[in-house]
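# Descriptive structure summary
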Amino acid sequence: MSNDKYRLAELYAKRNILFRLVAQQIILRYRRTALGFLWTLINPLMMMSVMALVFSQLFKEDLKTFAIALFAGMIPWNFFSSVVSQSTTVYINNEGLIKKIYIPKMIFPLSIACGLLIDAIASFFILFIIILGLGGGISWAHLFLPVSFLLLFIFAFGIALIISIATVYFRDLQHIVLIFLQGLFFLTPVLYKSNSIGGKVAWLIDINPVTPFIALFKMPLTESIVPTVGLILRAALTTFLAISLGLFLYVRLQKKIIFRL
Amino acid sequence: MSSIHVENLSIKFRIYHDRSPSLKEYFANLLKRNAKPSYSDFWAINNLSFSINAGERVGIIGHNGAGKSTLLKAICRIYETYEGSISIGGRIAPLLEIGAGFHPEFTGRENIYLNGSILGYSNGELKKIEPEVIAFSELEEFIDMPVKYYSTGMYMRLAFSLATSMHPDILVLDEIFSGGDASFVAKARNRMLELIDKANIMIMVSHDHLLVKSLCDRILWLDHGRLVADGAPDEVTEQYLAGRK
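Because the structure is predicted, anything quoted here is derived from the model rather than measured. (Residues numbered from 1 in each chain as written. Chains lettered and ligands numbered in written order. Predicted model: local features only at pLDDT ≥ 70, side-chain atom pairs only at ≥ 80, totals over all residues.)

### Digging into the overall build of chain B
For clarity, the threshold we go by: Comment: elements are numbered from the N terminus, with helices defined as DSSP H or I runs of at least four residues and strands as E runs of at least two. Around each residue's C-beta, the other C-beta atoms within 10 Å are counted; 20 or more make the residue buried, 12 or fewer make it exposed, and counts in between make it partly exposed. All C-beta atoms are placed from the backbone.
Tallying secondary structure elements over chain B gives eight helices and nine strands in all. Of all 245 residues assigned to chain B, the portion counted as buried reaches 38%.

This is the structure:
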């Protein structure tokens, strides 16, 4: 236990490295491009606009309502899926550093999650302006969104800890995870409402651990209501399980990573 | 006071004969009870014990694969899984491979901050040493240029200047590095000697016996991960050279 406390204190002491790695991640993406950081925002925006156009026609829904719901679902989904897919290779990509100097290894997946969180919050503000433009109003329920972001961040980081270590042991996972995420996207109520699909796949959507996190964003943004206590508890429990398992695996295996790279 | 205590240290490497097992093989092997393992264990460090006290200058010698670099990496916490124990007192500066963590797309100045934070310097310290690092590396004109355009010499100069800009309690060296032109090599050597002089403990690995003899007051001779001799530089290097013939 004292050892774990020491680990946290050490991580705090090395926060300087975390800031530098996050900055590196964000700066490198737009250096020497004309539009810079805007690309991070334009890319999902264009994607979502096309999706909104096509799927609102397909589902025969009002474009504005559909677009707002889609935006509200895509932001948490994009964050989650990017964190998970980028975390697979995080130790493998930093092999050079890990073998040359001691750094608490958790800093690598944490820097990815923090960098992507900054992107997600930035695109959230842009999309929020668009939602207002499309006729959505501001409501007290929106004050719940920081909690949604916090739960989603810890949940995704927990999964990232699990996946990043597992991939060091089983390299096939980097490909499996990508395929799995593509499938999971359609089993997550991003494009559609969580209650609009019945039949044989309904239970899959129901047990999908990402489902409650999408609802934590959709409910305040599309219906202007604070998520129900049951939903919040479900998300919190999922978060707790993911981060506990992630930290457990990390503490048990982090010293062995270097021998497996 | 700085100190290093190593007790019964053993470090094992697992060598896979073909490659790391895939997910499929891992589960297949779980089912096969008496499957022949596809790896063998190799002890890079084998039951090693010694202590280094404040003020000592220790050189480690031994032929290739004797476990010298592995030992230094364990002292610097790069390898953390081992049997036995290592306890370290004091701020440690590993100069094992300089330039670790330099990003080619970043400018020299940005790399000072990125690499400096990895080396354990705080932001305040980095601001203070930045002008001195740039001046010593003689890169004033190029410091705001991405390091991918640097020549190998320029790159080494920057990495060396940064890595040697703080005075640690415990200095860990894997060969004394050199790079750049003759005048820089001479300048770097003096800076290195000064760093060694100010360090409370210095521990180094080198294949250059004359250098080790001149810088160290104690030599550890490693062979296949075991300590063969530990003593005064002249005696141990003589034994080592005699034993090698």
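Now that the structure is up, let's keep going.
### Some details on the overall build of chain A
Short version of the rule: For the radius of gyration, the atoms used are the C-alpha atoms, and the globule rule reads 2.2 Å times the number of residues raised to 0.38. Contact between two residues is assigned when their C-beta atoms, built from the backbone, lie within 7 Å.
Check the secondary structure of chain A and you find 13 helices and zero strands. Taken from the N to the C terminus, the helices and strands of chain A come in the order α-α-α-α-α-α-α-α-α-α-α-α-α. For a compact globule of 261 residues, the expected C-alpha radius of gyration is about 18 Å, and chain A comes in at 19 Å, within 12% of that figure. The buried share among the 261 residues of chain A stands at 34%. Long-range pairs, those at least 24 residues apart, make up 77% of the contacts in chain A with a sequence separation of at least 6.

### What about the domain arrangement of chain B?
All names here are of chain B. The condition is simple: The domain limits used here are those given by an automatic or database domain assignment. Classes in brief: Ala, Val, Leu, Ile, Met, Phe, Trp, Tyr, Cys and Pro nonpolar; Asp, Glu, Lys and Arg charged; the others, Gly included, polar.
Assigned domains of chain B: these are domain 1 (3–90 + 205–244) and domain 2 (95–199). Facing the 12 residues of domain 1 at the interface are eight residues of domain 2. Contributions of two or more residues to the side of domain 1 that touches domain 2 are made by helix H2 (68–75) and helix H7 (209–215). Take the side of domain 1 that touches domain 2: its biggest share by element is four residues, from H2. When its residues are assigned to classes, the side of domain 1 that touches domain 2 shows eight nonpolar, three polar and one charged.

### Some details on the sheet that holds strand E5 (residues 92–95) of chain B
Residue and element names in this part refer to chain B. Note the cut-off: A pair of strands is considered paired only if DSSP assigns at least 2 bridges between the two. Interaxial angles span 0 to 180 degrees and are taken between N-to-C directions of axes, which are lines fitted to C-alpha atoms, for helices over the stretch in contact.
Across the sheet, which stays open at both edges, the six strands sit in the order E5-E6-E7-E3-E8-E9 with mixed pairing between neighbours. Looking along the sheet, the strands with just one partner apiece sit at the ends: E5 and strand E9 (226–231). Taken over all neighbouring pairs, the strand axes of this sheet differ in orientation by 15° on average, direction set aside. Note: strand E8 (residues 218–223) against E9, five bridges, orientation antiparallel. Pairing of Leu 220 across the sheet is with Asp 230, part of E9.

### Here's the deal with the interface of chain A and chain B
Facing the 21 residues of chain A at the interface are 25 residues of chain B. Those elements that place two or more of their residues in the side of chain A that touches chain B are helix H2 (15–30), helix H6 (95–98) and helix H13 (257–260) of chain A. Tallying contributions element by element places H2 of chain A first for the side of chain A that touches chain B, with five residues. A per-class count over the side of chain A that touches chain B returns nine nonpolar, three polar and nine charged.

### Topic: the nonpolar core
In plain terms, the rule: Think of a nonpolar core as buried Ala, Val, Leu, Ile, Met, Phe, Trp, Tyr and Cys residues, each tied to the set through C-beta atoms within 7 Å.
Counting residues in hydrophobic clusters, the biggest one holds 127 residues, and the most contacted among them are Phe 71, Ala 156 and Ala 160 of chain A together with Val 172 of chain B. Shared between two domains, this core takes at least three residues from each, and those domains are domain 1 (3–90 + 205–244) and domain 2 (95–199) of chain B. In contact with Ala 160 of chain A, other than residues within four places in its own chain, are Val 83, Val 84, Ser 87, Pro 109, Ile 112 and Ala 113 of chain A.

### Observations concerning the sheet that holds strand E1 (residues 3–16) of chain B
Residues and elements named next belong to chain B. Taking strand neighbours across the sheet as the criterion, the three strands line up as E2-E1-E4 in an open arrangement whose pairing is antiparallel. Each edge of the sheet is formed by a strand with only one pairing partner; in this case those strands are strand E2 (39–53) and strand E4 (83–89). This sheet shows a mean twist of 25° between the axes of neighbouring strands, independent of strand direction. Across 11 bridges, E1 lies against E2 in antiparallel orientation.

### So, the packing of helix H3 (residues 108–118) of chain B against helix H4 (residues 123–137) of chain B
In a pair of packed helices, the angle between the axes and the distance between the axes together describe the arrangement. Residue and element names in this part refer to chain B. Put simply, the rule is: What sets the label is the angle itself: under 35 degrees gives roughly parallel, over 145 gives roughly antiparallel, 65 to 115 gives roughly perpendicular, and the rest give oblique. Two helices crossing with the near one rotated counterclockwise from the far one by less than a right angle form a left-handed crossing, whereas a clockwise rotation gives a right-handed crossing.
Orientation of H3 relative to H4, taken along the N-to-C sense of each, is 125°, at an axis distance of 11 Å. With respect to each other, H3 and H4 are oriented oblique. For the pair H3 and H4, the crossing hand works out as right-handed. The segment H3 lies against H4, with Ile 112, Tyr 113 and Gly 116 engaging Leu 126, Glu 130 and Val 133. Class assignment of the residues belonging to the contact of H3 with H4 gives a composition of four nonpolar, one polar and one charged.

### With respect to unusual backbone geometry
Residues and elements named next belong to chain B. For Asn 8, which is not glycine, the phi dihedral falls at a positive 45°. As for its position among the elements, Asn 8 is in strand E1. Given 12 C-beta atoms within 10 Å, Asn 8 falls into the exposed group. Residue Arg 77 is not a glycine yet carries a positive backbone phi of 70°. One can find Arg 77 in the loop between H2 and E4. Accessibility expressed as a C-beta count within 10 Å gives 16 for Arg 77, which makes it partly exposed.

### So, H2 of chain B
All names here are of chain B. Of all eight residues in H2, seven are buried; the element is thus mostly enclosed. Among the residues of H2, those classed as buried are Lys 68, Thr 70, Leu 71, Leu 72, Lys 73, Ala 74 and Ile 75. Looking one or two residues beyond H2, the residue adopting positive phi is Arg 77, at roughly 70°.

### Quick look at the packing of helix H3 (residues 38–58) of chain A against helix H4 (residues 63–87) of chain A
Residues and elements named next belong to chain A. Two numbers describe how H3 lies on H4: the axes approach to 9 Å, and their chain directions differ by 135°. Compared by their axis directions, H3 and H4 come out oblique. In this structure, H3 crosses over H4, and the sense of that crossing is right-handed. Residues Pro 44, Met 48, Met 51, Ala 52, Phe 55 and Ser 56 of H3 form the contact with H4, whose own contacting residues are Leu 63, Phe 66, Ala 67, Leu 70, Phe 71, Met 74 and Asn 78. Looking at the contact of H3 with H4 residue by residue, the classes come out as 11 nonpolar, two polar and no charged.

### Comments concerning the confidence of the model for chain A
The criterion, for reference: Note on scores: pLDDT gives the predictor's confidence for each residue, bounded by 0 and 100.
Scored by pLDDT, chain A comes out at a mean of 88, with 98% of its residues at no less than 70. Mean pLDDT per element in chain A: helix H1 (residues 2–13) of chain A is the minimum at 70, and helix H8 (residues 145–169) of chain A is the maximum at 96.

### Regarding the confidence of the model for chain B
Looking at chain B, the pLDDT average stands at 85 and 92% of residues meet or exceed 70. Here the predicted complex scores 0.88 on pTM and 0.83 on ipTM.

### Points about the environment of Ile 201 of chain B
Residue and element names in this part refer to chain B. Structurally, the position occupied by Ile 201 is in strand E7 (residues 201–205). Classification of Ile 201 by C-beta neighbours within 10 Å gives buried; the count is 24. In this structure the C-alpha to C-alpha distance between Ile 201 and Ile 118, which are 83 residues apart in sequence, comes to 22 Å. When sequence neighbours within four positions are dropped, the list of residues in contact with Ile 201 reads Ser 2, Ile 4, Ile 52, Ala 54, Glu 56, Asp 169 and Ile 170.

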